[in-house]
Amino acid sequence: MDESPQVQSTPESHLPSSKYASFSIWPPSEKTRGAVRERLVETLSTTSMLSKRYGEISREEAVEIAKRIEEEAFDTMDAAEKSLGDGIDTLHSYSKEISKRMLENVKARSAGSPAAAPHSHDTASLATDIANSVDVTAEDDAGPSASPHSEKTESTAGDD
């Protein structure tokens, strides 16, 4: 006797459409964008590799900078979405754009401040720290997934 379980297949067309949820990763929700801005504020206004290298920024100034960085990055990626392909590519580019703009902002801000002159930390390590501090994922709607105070402790520059 064959006692293997019988599996009945049901064509998808017979299932109610309400059982299928739509999931879109781009554009990010306002909640996600707010979490990104808050992470930027924390990164800019607290002690981190970034502040050690370029100087600390007051929380008030960091709020203004974070809002501008996030909005500019969002607008840039929203306009480029169609050419980037799927939402994951757009979201990844959004994260990279935020990191790039954050670094540009702190460099420009510290250019006139001798106290905030760069130290001898390698740029690859700093770029990784920045990218990690504002990493944007599909799970961000549940809240930030990593501490804004996370710092990479070893350099990956030169590792092949």
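On a predicted model such as this, the values are computed, not experimentally measured, just so you know.

Draft legend 1. Fine view of the packing of aromatic side chains. Applying the stated criterion to the full structure yields three aromatic pairs. Pairing W26 with F74 gives two aromatic rings, centres 5.4 Å apart and planes at 25°, and the pair type is stacked. With W26 in the segment before α1 (30-45) and F74 in helix α3 (residues 59-84), the pair connects residues that are 48 residues apart, well separated along the chain. A relative accessible area of 4% means that W26 is categorised as buried. Judged by its relative accessible area of 11%, F74 is buried. An aromatic cluster is defined as three or more aromatic residues linked by ring pairs; in this entry it consists of W26, F74 and Y94.

Draft legend 2. Fine view of the packing of α1 against helix α4 (residues 87-110). It is at 12 Å that the axes of α1 and α4 come closest, and there the two elements cross at 30°. The orientation of α1 with respect to α4, classified from their angle, is roughly parallel. For the pair α1 and α4, the sense of crossing is right-handed. Every residue of α4 that contacts α1 at R33, V36, L40, T43 and L44 is listed here: Y94, I98, M102 and V106. A per-class count over the contact of α1 with α4 returns seven nonpolar, one polar and one charged.

Draft legend 3. Quick peek at the pattern of salt bridges. The final tally for this structure, using the stated rule, is 10 salt bridges. A salt bridge links E97 to R101; the shortest N-O distance between them is 2.8 Å. Of this pair, E97 and R101 both sit in helix α4, four residues apart, roughly one helical turn.

Draft legend 4. The arrangement of the packing of α1 against α3 in detail. Two numbers describe how α1 lies on α3: the axes approach to 8 Å, and their chain directions differ by 135°. Between α1 and α3, the angle is such that the two are oblique. Relative to α3, the crossing made by α1 is right-handed. For the pair α1 and α3, the contacting residues are R33, V36, R37, E38, L40, V41, E42, L44 and S45 in the first and R59, A62, V63, I65, A66, K67, I69, E70, E71 and F74 in the second. Looking at the contact of α1 with α3 residue by residue, the classes come out as 10 nonpolar, one polar and eight charged.

Draft legend 5. Layout of α3. At D78, α3 shows its largest kink, close to 35°. Listing the buried residues of α3 in full gives A62, I65, A66, I69, E70, A73, F74 and M77. Next to the buried residues of α3 lie α1 and α4.

Draft legend 6. Structural view of the side chain of E97. A residue is classified by how much of its surface remains accessible, and E97, at 12% relative accessible area, is buried. If we skip the residues at most four places from it in the chain, E97 touches A73, T76 and M77.

Draft legend 7. View of the environment of V36. Tracing the backbone shows V36 in helix α1. V36 sits in the buried class, given a relative accessible area of 4%. Along the primary structure V36 and I98 are separated by 62 residues, whereas in three dimensions their C-alpha atoms are 9.2 Å apart.

Conventions we followed
- Residues numbered from 1 in each chain as written.
- Predicted model: local features only at pLDDT ≥ 70, side-chain atom pairs only at ≥ 80, totals over all residues.
- Heavy atoms only, no water.
- Phe/Tyr/Trp six-rings, centres within 6.5 Å; stacked < 30°, edge-to-face > 60°.
- Helix = DSSP H or I, 4+ residues; strand = E, 2+ residues; numbered from the N terminus.
- Buried < 20%, exposed > 50% of the residue type's maximum accessible area, 1.4 Å probe, protein only.
- Axes fitted to C-alpha atoms, helices over the stretch in contact; angles between N-to-C directions.
- Parallel < 35°, antiparallel > 145°, perpendicular 65-115°, else oblique.
- Left-handed = near helix turned anticlockwise from the far one by under 90°.
- Contact = heavy atoms within 4.5 Å.
- Nonpolar A, V, L, I, M, F, W, Y, C, P; charged D, E, K, R; others polar.
- Salt bridge = Lys/Arg side-chain N within 4 Å of Asp/Glu carboxyl O.
- Bend = angle between axes of the 7 residues up to and from the residue.

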